[in-house]
Amino acid sequence: MRRARSPVIRLASAAALAGLAATFAGCATSQAFRDGQARIADGDTEAGLARLRQASAQDPANQEYRRTYFTQLEAAQNQLLRDADFALGIGAFDGARAAFEKVLRIDRANRRALDGLARVDLAERRWKQLDDAAAQARRGDLDAAVAQTRRVLSEAPTDRRAVLQLRQLVRQQADAS
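None of the values given here were measured: they were computed from a predicted structure.

Calculation criteria
- Residues numbered from 1 in each chain as written.
- Predicted model: local features only at pLDDT ≥ 70, side-chain atom pairs only at ≥ 80, totals over all residues.
- Heavy atoms only, no water.
- Phe/Tyr/Trp six-rings, centres within 6.5 Å; stacked < 30°, edge-to-face > 60°.
- Buried < 20%, exposed > 50% of the residue type's maximum accessible area, 1.4 Å probe, protein only.
- Helix = DSSP H or I, 4+ residues; strand = E, 2+ residues; numbered from the N terminus.
- Lys NZ or Arg CZ within 6 Å of the ring centre and 35° of its normal.
- pLDDT = per-residue confidence, 0-100.
- Contact = heavy atoms within 4.5 Å.
- Axes fitted to C-alpha atoms, helices over the stretch in contact; angles between N-to-C directions.
- Parallel < 35°, antiparallel > 145°, perpendicular 65-115°, else oblique.
- Nonpolar A, V, L, I, M, F, W, Y, C, P; charged D, E, K, R; others polar.
- Left-handed = near helix turned anticlockwise from the far one by under 90°.
- Salt bridge = Lys/Arg side-chain N within 4 Å of Asp/Glu carboxyl O.

(A) Seen up close, the packing of aromatic side chains. Considering all chains together, one arrives at three aromatic pairs under this definition. Considering the side-chain rings of Y69 and F70, the 5.0 Å spacing of their centres and the 65° angle between planes classify their relative orientation as edge-to-face. Of the residues examined, Y69 reaches a relative accessible area of 8% and is grouped as buried. Residues F93 and W127 carry aromatic rings whose centres are separated by 5.6 Å and whose planes lie at 80° to one another, so their mutual orientation is edge-to-face. On the criterion of sequence distance, the pair formed by F93 in helix 4 (residues 93-106) and W127 in helix 5 (residues 111-138) is long-range, its members being 34 residues apart. Given a relative accessible area of 28%, W127 falls into the partly exposed group. Here the basic side chain of R161 rests over the ring of W127, its NZ or CZ set 4.3 Å away from the ring centre.

(B) A look at the confidence of the model for the protein. Across the protein, the average pLDDT comes to 86, with 84% of residues at 70 or higher. In the model, residues 15-26 has pLDDT below 50 throughout and makes zero contacts with residues more than four positions away in sequence or in other chains.

(C) Region of interest: the packing of helix 3 (residues 63-89) against helix 5. Across the interface, helix 3 lies against helix 5 with an axial gap of 11 Å and an inter-helix angle of 10°. Relative to helix 5, helix 3 is oriented roughly parallel. Along the contact surface, helix 3 presents N78, L81, D85 and L88, while helix 5 presents R112, A113, R119, V120 and A123. Residue classes in the contact of helix 3 with helix 5 are distributed as five nonpolar, one polar and three charged.

(D) Region of the structure containing the packing of helix 5 against helix 7 (residues 160-176). Contact geometry of helix 5 with helix 7 gives a least axis separation of 11 Å together with a crossing angle of 15°. When the axes of helix 5 and helix 7 are compared, the pair comes out roughly parallel. In this structure, the crossing between helix 5 and helix 7 has a hand that is left-handed. Residues W127, L130, D131, A133, A134 and A137 of helix 5 pack against R161, A162, Q165, L169 and Q172 of helix 7. Taken together, the residues of the contact of helix 5 with helix 7 sort by class into seven nonpolar, two polar and two charged.

(E) Geometry of the pattern of salt bridges. For the structure shown, the criterion picks out eleven salt bridges. One salt bridge connects R111 with D115, and the closest N-O pair in it is separated by 3.2 Å. One end of the pair, R111, and the other, D115, are both in helix 5, four residues apart, so they sit about a helical turn from each other. For R111, a relative accessible area of 54% corresponds to the exposed category. Connected through salt bridges with shared partners, the residues D94, R97, D121 and E124 form a single ionic network.

As structure tokens, then:
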């Protein structure tokens, strides 16, 4: 025969279970936070940010979790954007594209990364046009090479490679005449 529990004991048991569940949830949240920090420290930025975002979502009132997540997010994005811009500047288009895409995996709406991908496509197209102009110059067609380089400069007047290439081609034209 089963003894009936008093309402006070049932209430106390329920409160204890709720407290235990909250403790385990808090442990899981703090574990996600610690894990996120550790992954970032180990260089696994994307996974670390995902864990920090998880901890922040599980405990939205915890200002430390939110502050850490947004600080790490901003630092990661800024570093990746710097890396992408550097790669773009030296003509490493695949590296630039990969860095911009990584920013977008972290933050799908990052305007700088979206614009950066468009800049990679433009820069790569210009780079190929300048390569074609250099090939024309090697074949002895300096007039076509100068015209091609000037077309690139009409689109991008500050393109360093195009400016330098045009200077060199004009010198070669002057030497040839």
